[in-house]
Amino acid sequence: MLSNSTPQGGYFEMLTIISQPFMLSTMTSSLVSDKEKRKAQLRDAQRRRREKLAQGNRHQINIFLSEASITLLDQACKKYGMDRHELIEQLIHDTAEKQNQ
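Predicted model, so just to flag it, every value in this text is computed and none were measured.

**Student:** Provide a residue-level description of the overall build of the protein chain, including the pertinent values.
**Tutor:** Secondary structure assignment for the protein chain yields three helices and zero strands. Counting from the amino terminus, the protein chain carries its helices and strands in the arrangement α-α-α. Across the 101 residues that make up the protein chain, the buried fraction comes to 4%. Total accessible area computed for the protein chain in this model is approximately 9,500 Å², and 58% of it derives from carbon and sulfur atoms.

Here's what the structure looks like:
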């Protein structure tokens, strides 16, 4: 409701009420564009990952880990400056080497 106390106060309230649909549509469109940007980024990352896989002699596998294991893996990756796949491959090769000795 508009207050009739001052003409200026009523004007600002009316302006606020009138501009709300515009503000909401602007906010909604920016959210949509942010979602679309994120989707595009994910598609690009997936494409690059597939291209890397195709270049080498690698295959993608999926594993399930507990939250605690994921945390430990991420900490080790940060400590050694490696990606998850690099660290896991290194651990596999190190384990195989130790077993062959």
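**Student:** With reference to specific residues and values, describe helix H2 (residues 67-80).
**Tutor:** Compared with an ideal rise of 1.5 Å per residue, which puts 14 residues at 20 Å, H2 spans 20 Å between its outermost C-alpha atoms and is within 8% of the ideal. Just beyond H2, the residue with positive phi is Gly81, at close to 65°.

**Student:** So, the pattern of salt bridges: which residues are in play, and what are the values?
**Tutor:** All told, the structure shown has three salt bridges when counted by the stated rule. In this structure, Glu51 and Arg47 form a salt bridge, with 3.1 Å as the shortest nitrogen-oxygen distance. Placement of the pair is Glu51 and Arg47 together in helix H1 (residues 7-55), with a separation of four residues, close to one helical turn. Between Asp74 and Arg84 there is a salt bridge, with the nearest N and O atoms lying 2.8 Å from each other. Of the two residues, Asp74 sits in helix H2 while Arg84 sits in helix H3 (residues 84-100), which places them 10 residues apart along the sequence. Taken together, the salt bridges that share partners define one network made up of Asp44, Arg47 and Glu51.

**Student:** Could you give me a rundown of a nonpolar patch on the surface, with the residues and numbers involved?
**Tutor:** A contiguous nonpolar patch, built from Ile61, Ile63, Leu65, Ile88 and Ile92 and spanning about 480 Å² of accessible area, is present on the exposed surface. Following the sequence through the fold, Ile61 ends up in the loop between H1 and H2. Residue classification places Ile61 among the exposed positions, given a relative accessible area of 66%.

**Student:** Outline the packing of H2 against H3, supporting the account with residue identities and numerical values.
**Tutor:** H3 packs onto H2 with a crossing angle of 95° between their chain directions and a minimal axis gap of 9 Å. Relative to H3, the element H2 lies roughly perpendicular. Contact residues: H2 offers Ile70, Leu73, Asp74, Ala76, Cys77 and Tyr80, while H3 offers Arg84, Leu87 and Ile88. Of the residues contributing to the contact of H2 with H3, the split by class is seven nonpolar, no polar and two charged.

**Student:** With reference to specific residues and values, describe the confidence of the model for the protein chain.
**Tutor:** Predicted coordinates in regions of low pLDDT should not be interpreted in detail. Looking at the protein chain, pLDDT values average 80 and 69% of them are 70 or higher. H2 holds the highest mean pLDDT among the elements of the protein chain, 95, whereas H1 holds the lowest, 73.

What counts, and where the lines are drawn
Residues numbered from 1 in each chain as written. Predicted model: local features only at pLDDT ≥ 70, side-chain atom pairs only at ≥ 80, totals over all residues. Heavy atoms only, no water. Helix = DSSP H or I, 4+ residues; strand = E, 2+ residues; numbered from the N terminus. Buried < 20%, exposed > 50% of the residue type's maximum accessible area, 1.4 Å probe, protein only. Areas by Shrake-Rupley, 256 points an atom, 1.4 Å probe, with all protein chains shown as cover. Expected span 1.5 Å × (residues − 1). Salt bridge = Lys/Arg side-chain N within 4 Å of Asp/Glu carboxyl O. Patch = residues over 30% accessible without salt bridge, like charges linked within 9 Å, V, L, I, M, F, W, Y side chains within 5 Å. Axes fitted to C-alpha atoms, helices over the stretch in contact; angles between N-to-C directions. Parallel < 35°, antiparallel > 145°, perpendicular 65-115°, else oblique. Contact = heavy atoms within 4.5 Å. Nonpolar A, V, L, I, M, F, W, Y, C, P; charged D, E, K, R; others polar. pLDDT = per-residue confidence, 0-100.

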